[in-house]
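Fold and geometry: a report
Listed here are the chains, written in short residue letters.
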Amino acid sequence: MKYTEIVNVKYISSELSESDEGEDAVDDPRKCLVVLTLPWRSKEVNELFDRLDAIKKGVMERYRRKRGANSGRDYPPDIPEFALTDFVSSGKVTDNGVHPTY
C-alpha cells in the first residue's frame, strides 16, 4: 500500500498548545492548538491527511485549531519521493526553498 509508510508521526504536522487568553477564548472555550505546517510535505500527502482529519472530525472538534508558522522539522531521511514537495533528486530541495538536513 502506497500510503502505509507515511501514516505515522514522522509525517504529521506538529501542534502547539496556545494560551487560553484573548478574544477567541471568550467566544470558544475549547483549548486552542496551533498547527505547524510541514513545508516539505507534498500536496498529495497534505490532501491525504485532510481526508483522514475529516474522518476523525468528532475527535478533531474537541480543540480549536489555527494554522501557525512553518515547522522547522526536517523531513525523514527515508521519505518516499511522492511525499516530498517538488522532489529534486540532486539535493532534495523543496519548491519553497527549504533545504532540509539529515
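Residues numbered from 1 in each chain as written. Predicted model: local features only at pLDDT ≥ 70, side-chain atom pairs only at ≥ 80, totals over all residues. Heavy atoms only, no water.

Digging into the sheet that holds strand E3 (residues 64-70)
Whenever strands of a sheet pair, they do so through backbone hydrogen bonds, lying parallel or antiparallel. Judged by pairing direction, the sheet is mixed, and its 3 strands sit side by side in the order E1-E2-E3 without closing on themselves. Strands with a single pairing partner mark the edges of an open sheet, and in this sheet they are strand E1 (14-17) and E3. When the angles between neighbouring strand axes are averaged without regard to direction, this sheet yields 35°. Where strand E2 (residues 32-37) and E3 come together, 5 bridges link them in parallel fashion. Paired with Leu33 across the strands is Arg65, a residue of E3. (Pairing = 2+ DSSP bridges. Helix = DSSP H or I, 4+ residues; strand = E, 2+ residues; numbered from the N terminus. Axes fitted to C-alpha atoms, helices over the stretch in contact; angles between N-to-C directions.)

Section: the pattern of salt bridges
Across all of its chains, the model carries 4 salt bridges by this definition. For Glu15, the salt bridge is made with Arg65, and the minimal N-O distance between the two is 3.0 Å. In this pair, Glu15 is assigned in strand E1 and Arg65 in strand E3, connecting sequence segments 50 residues apart. The partner of Glu47 in a salt bridge is Lys43, and the shortest N-O contact between them spans 4.0 Å. Here Lys43 and Glu47 lie together in helix H2 (residues 43-55), a separation of 4 residues that amounts to about one turn. (Salt bridge = Lys/Arg side-chain N within 4 Å of Asp/Glu carboxyl O.)

A closer look at the environment of Met60
Locating Met60 in the fold gives a position in helix H3 (residues 57-60). Leaving out residues up to four positions away in the same chain, Met60 has contacts with Asp53 and Arg65. (Contact = heavy atoms within 4.5 Å.)

Thoughts on the side chain of Ser13
Tracing the backbone shows Ser13 in the segment before E1. Owing to a relative accessible area of 14%, Ser13 belongs among the buried residues under this scheme. Reaching out from Ser13, the side chain makes a polar contact with the side chain of Arg41 at a distance of 3.5 Å. Among all residues touching Ser13, those that are not within four sequence positions of it are Val35, Leu36, Thr37, Leu38 and Arg41. (Buried < 20%, exposed > 50% of the residue type's maximum accessible area, 1.4 Å probe, protein only. Polar contact = N/O pair within 3.5 Å; in protein donor to acceptor, adjacent residues only side chain to side chain.)

Let's talk about the nonpolar core
If you look at soluble globular proteins, the nonpolar side chains tend to sit buried side by side. Of all hydrophobic cores here, the largest spans 11 residues; its members are Ile6, Tyr11, Leu38, Trp40, Val45, Leu48, Phe49, Tyr75, Ile79, Ala83 and Leu84. Setting aside residues no more than four positions away along its own chain, Tyr11 makes contact with Glu5, Ile6, Leu38, Trp40, Arg41, Phe49, Arg73, Pro76, Asp78, Ile79 and Pro80. (Core = buried A, V, L, I, M, F, W, Y, C linked by side-chain atoms within 4.5 Å.)

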